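Structural overview for review
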Amino acid sequence: MQSSVAVRDTLSPIYRFSGPLPARKFHDERSIGRDFVSVRASQATATSNESRKRRPQNMEGEFFVDHRCIDCDTCRWMAPQTFTRINEKSAVFKQPSCEEERLRALQALLSCPTNSIRTEKPPRDILEVQKTFPLLINEQRIPGVYYCGYHSEKTYGATSYLIVHPEGNILVDSPKYKERLARNIEMLGGARYMFLSHKDDVGDHDKWSKRFRCDRVFHSQDVGVSTADVEMQLYGDGPWSLGRDFEIVYTPGHTKGSICLLYKPLKLLFTGDHLTSTSESELNTIDEYNWYSATVQVKSVRKLLELDFEWILPGHGRRVEFRDTQEKNSALEAFLATKEEDLLQLV
């Protein structure tokens, strides 16, 4: 059975000596092993120290991005006045020039999945910034919908959300488990459900489930070893209701068990990795990371034409807000026309 979390292996280098070993008497084979492990550990430490250094593409000043950046784009949409993309990774192109820009930069620092955003000195106000999460996305248009921050490297920096609702709060996908964030969510009422859109973004689901004693909702086609004990496993093609206001839509393609969550009264669609938007404001299905079928995914995107929503809140990429359902459908039709033509050329 396939694991529910995509494992990204990091290959350990094999160290070879260029000449004979120095003349030395070893007491036994264990001491030889200890010396070899010591060499590898020192090399690994050197590599780690190098990766933590400031990228030369950064503007001089307090904030910088180090070499561990995985180009997840989080800091660039959280604090676009400070961060940009240079040579396939993030970098600081302009230091914060006011309190609001500094706050956004520190929020991005806390949300970075690899802790790649750093400051020359420990920021004195970081504890106050921690209290700002989760963040309201748009109190006027979509009240009660929060962005959790604290992206996890386990999910390659996926975005997670909190929906505060009178029938019980819903945690959408998994942020990195942090007790400070858990306490802040607890003050908002905790979580009754944890909606898991697909197997890539389950992250610390088990820790959050134990912390809030919430029921996890997950499609059976994506269940693996680490999610075998999920409380609410979905079977078939749906749709399924989660209370009065929420509908779960089966959208296979990115993975075999991908699902979306439609918040009907607010016309919001939480899409996981099924559909997102790039920094160029173009709809995208992240084909380079498709784990099941690009053809099936495009068919699932077509199903979205039947749904009434004006917002896309994805797991990766940028949020999308449409003026109305008509604009949403026009954008989807244009996207589908291009994708379906591309797929025909591959046949």
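Residues numbered from 1 in each chain as written. Predicted model: local features only at pLDDT ≥ 70, side-chain atom pairs only at ≥ 80, totals over all residues. Heavy atoms only, no water.

1. Some thoughts on the side chain of Arg55
This is how the line gets drawn: Here a helix means four or more residues in a row that DSSP labels H or I, a strand means two or more in a row labelled E, and each is numbered from the N terminus. Whether a residue is buried, partly exposed or exposed follows from its accessible area with a 1.4 Å probe, protein chains only, as a fraction of its type maximum: under 20%, in between, or over 50%, in that order. Under the convention used here, Asp and Glu are negative, Lys and Arg are positive, and both His and the chain ends fall outside the count. Salt bridges, as used here, are contacts in which a Lys or Arg side-chain nitrogen is within 4 Å of a carboxyl oxygen on Asp or Glu. As used in this structure description, the phrase polar contact means that two N or O atoms lie within 3.5 Å; if the pair is within protein, one of them must be able to donate a hydrogen and the other to accept it, and residues adjacent in sequence are counted only when both atoms belong to side chains. By definition in these notes, contact holds between two residues if any of their heavy atoms fall within 4.5 Å.
You can see Arg55 is positioned in the loop between α1 (29–51) and β1 (63–65). Although Arg55 is buried, it forms no salt bridge, and the closest oppositely charged side chain is Asp66 at an N-O distance of 7.9 Å. Reaching out from Arg55, the side chain makes a polar contact with the backbone oxygen of Ile86 at a distance of 3.2 Å. In this structure the side chain of Arg55 is engaged in a polar contact, spanning 2.8 Å, whose partner is the backbone oxygen of Ser90. Excluding residues that lie within four positions of it along the chain, Arg55 makes contacts with Val65, Asp66, His67, Ile86, Asn87, Lys89, Ser90 and Ala91.

2. Observations regarding the packing of helix α5 (residues 179–187) against helix α6 (residues 205–212)
Keep this limit in mind: Orientation is described by axes fitted as lines to C-alpha atoms, over the contacting stretch for helices, and by angles from 0 to 180 degrees between their N-to-C directions. Roughly parallel means an angle under 35 degrees; roughly antiparallel means over 145; roughly perpendicular covers 65 to 115; every other angle is labelled oblique. Whether a crossing is left-handed or right-handed is set by the direction in which the near helix is turned from the far one by less than a right angle, anticlockwise for left-handed and clockwise for right-handed. Throughout, the ten residues Ala, Val, Leu, Ile, Met, Phe, Trp, Tyr, Cys and Pro are labelled nonpolar, Asp, Glu, Lys and Arg are labelled charged, and all others, Gly among them, are labelled polar.
Between α5 and α6, the shortest axis-to-axis distance is 12 Å and the interhelical angle comes to 45°. As far as their axial angle goes, α6 and α5 are oblique. The two elements α5 and α6 meet at a crossing, and its hand is right-handed. For the pair α5 and α6, the contacting residues are Glu179, Leu181, Ala182, Arg183, Ile185 and Glu186 in the first and Trp208, Arg211 and Phe212 in the second. Counted by class, the contact of α5 with α6 contains five nonpolar, no polar and four charged residues.

3. Concerning the sheet that holds strand β8 (residues 170–172)
Stated formally: Between any two strands, at least two bridges found by DSSP are needed for them to pair.
Taken together, seven strands build an open sheet; the order of strands is β5-β6-β7-β8-β9-β10-β11 and the sheet is mixed. If you trace the sheet from one side to the other, it starts and ends with β5 (135–136) and β11 (232–234), each paired once. Of the pairings in the sheet, the one linking strand β9 (residues 193–195) to strand β10 (residues 215–219) comprises three bridges and is parallel in character. When the sheet's bridge partners are listed, Phe195 is paired in β10 with Val217. Seen against the sheet, α6 touches β8, β9 and β10 and runs at an angle of roughly 145° to β10.

4. Let's talk about the layout of surface pockets
The condition that has to hold: A cavity here means a set of points on a 1 Å grid, drawn over the protein atoms and nothing else, where a 1.4 Å probe fits but cannot get out; a pocket is an open set with protein on both sides within 12 Å along at least five of seven lines, and a residue lines either one if it has an atom within 4 Å of a point. Grid points are joined across faces, edges and corners, and a volume is the space filled by probe spheres set on the points.
The volume enclosed by the largest pocket comes to roughly 630 Å³. For the largest pocket, the lining is made up of 26 residues, of which Asp71, Cys72, Ile286, Glu288 and Tyr289 are closest to its centre. Looking at side-chain class alone, the lining of the largest pocket contains six nonpolar, nine polar and eleven charged residues.

5. Focus: empty space enclosed by the protein
Evaluation of the coordinates by the stated rule reveals one cavity of 30 Å³ or more. Approximately 90 Å³ is the volume found for the largest cavity. Contributing to the lining of the largest cavity are 15 residues, with Cys69, Cys72, Cys75, Ser90 and Cys112 lying nearest its centre. For the lining of the largest cavity, the class distribution of residues is nine nonpolar, four polar and two charged.

6. Concerning the sheet that holds strand β18 (residues 311–314)
For sheets, the rule is that strands pair by backbone hydrogen bonds, running either parallel or antiparallel. If you walk across this open sheet you meet the six strands as β12-β13-β14-β15-β18-β19, and the pairing is mixed. Two strands in the sheet have a free side with no partner beyond their single neighbour: β12 (240–242) and β19 (320–321). With three bridges joining them, strand β14 (residues 259–263) and strand β15 (residues 268–272) adopt antiparallel strand pairing. When the bridges of β15 are listed, Tyr263 appears paired with Leu268.

The values reported here are purely geometric and, on their own, carry no functional implication.
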